[in-house]
Amino acid sequence: MDIEDLRTFVEVADAGGVSPAARRLGISKSIASRTLARLEAELGVQLLARTTRGAALTEAGALFREHAAKACAEIDQAREALQPEGELRGRLRIALPLTFGPTHFASVLAELAVRHPQLQVHTYYSDRFVDLVNEGFDCAIRAGYLADSSLVARCVGPLHGKLVASPAYIAANGAPETPEELAQHEALMQGTEPWQFVDGDKVVTVRPQGRFKADNGTALAVAAIAGLGVAWLPDAIVEEHVANGTLQVVMPRYPPPSAGIYVIRPPGRHPSRKVRVLTELLIECFDQAPHLDRIRTRA
């Protein structure tokens, strides 16, 4: 069974259709369709159910996709093991946050591609937490506080943030001065996440409430500027607004604890060389520009 046929099938399964998969792979739609037909004929089962909106995995296709993705990953690892010091080859699929990805990490990934011209770098920007294993990603870059999971994380740099509100909101509602007072204010959040603040030598956790939620930090900043509430946001998003006065820092005596920038990969004893090289490059960039808002000047 041809490994490139497997790669094409996995890409179609992950992209949700032949056309978007063909664009990702840089091949024609007809070639991708013939590859799938050949694979289905060889296996004797239907892997994809074609619809007007694209393609959906059949039950057999979902089962085979899991094994095909693992086979492709193992072949890539075997090639790396044979040439550990050689040029990076193959494909690196990375999930990045939409809030920071294009402005703060795109230059690092471009640098990776420049240094390794044989490497295919495929990036996907979304503030949704993707399923690395089932969606076939080699790794993800995530910012903030990490929840417990079976994934393997490596911190590559710090992430600092502030609690902010607009002058109009503060004039109408006052500014919270302690974590306990947040219960009296509208909080702008991504979901139901707790907020943490440093109080001397301890960390205080509160669960604020609010009617406006968004899964994107930039959208929350816009809501804060509009006077809808108080937001906890990274410095990279709020510093410009604080400097021009459209947002003000509140509760400065209780700063949020520093979070981090992490490279997340599926569980396994050793990361692939491609993920290791990306991780080392990010650490290199943070060493030269230790704050997230300065990493964009790296390349």
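Our subject is the structure listed above.
Please read all numbers here as calculations on a predicted model, not as lab measurements. (Residues numbered from 1 in each chain as written. Predicted model: local features only at pLDDT ≥ 70, side-chain atom pairs only at ≥ 80, totals over all residues. Heavy atoms only, no water.)

**A word on the sheet that holds strand 4 (residues 119-125)**
Right, so step 1: Taken in spatial order, the five strands make up an open sheet running 4-3-5-13-6, and their pairing is mixed. Lying at the two open borders of the sheet, with one neighbouring strand each, are strand 4 and strand 6 (152-159). Each strand axis lies, on average, 20° off the axis of its neighbour in the sheet, ignoring direction.
Right, so step 2: The pairing of strand 3 (residues 90-96) with strand 5 (residues 139-144) spans two bridges and is classified as parallel. Bridged to Ala95 within strand 5 is Ala140.
Right, so step 3: Together, strand 3, strand 4, strand 5 and strand 13 (259-265) form the strand contacts of helix 5 (residues 101-115), whose direction differs from that of strand 4 by roughly 170°. (Pairing = 2+ DSSP bridges. Helix = DSSP H or I, 4+ residues; strand = E, 2+ residues; numbered from the N terminus. Axes fitted to C-alpha atoms, helices over the stretch in contact; angles between N-to-C directions. Contact = heavy atoms within 4.5 Å.)

**Some points on the packing of aromatic side chains**
Right, so step 1: For the structure on display, the rule yields two aromatic pairs.
Right, so step 2: On the numbers, 5.6 Å between centres and 45° between planes, the contact of Phe9 with Phe64 is tilted. Of this pair, Phe9 sits in helix 1 (residues 3-15) while Phe64 sits in helix 4 (residues 59-82), and the two are 55 residues apart along the sequence.
Right, so step 3: Overall, the relative accessible area of 0% leaves Phe9 in the buried class. (Phe/Tyr/Trp six-rings, centres within 6.5 Å; stacked < 30°, edge-to-face > 60°. Buried < 20%, exposed > 50% of the residue type's maximum accessible area, 1.4 Å probe, protein only.)

**Re the sheet that holds strand 7 (residues 161-165)**
Right, so step 1: Overall, mixed pairing links the four strands, which are arranged 8-11-7-12 in an open sheet. Pairing within the sheet leaves two strands with one partner each, and these edge strands are strand 8 (187-188) and strand 12 (248-249).
Right, so step 2: Bridging between strand 7 and strand 11 (residues 230-234) involves four bridges; their strand directions are antiparallel. Paired with Leu163 across the bridge in strand 11 is Trp232.

That is the geometry; function is a separate question.
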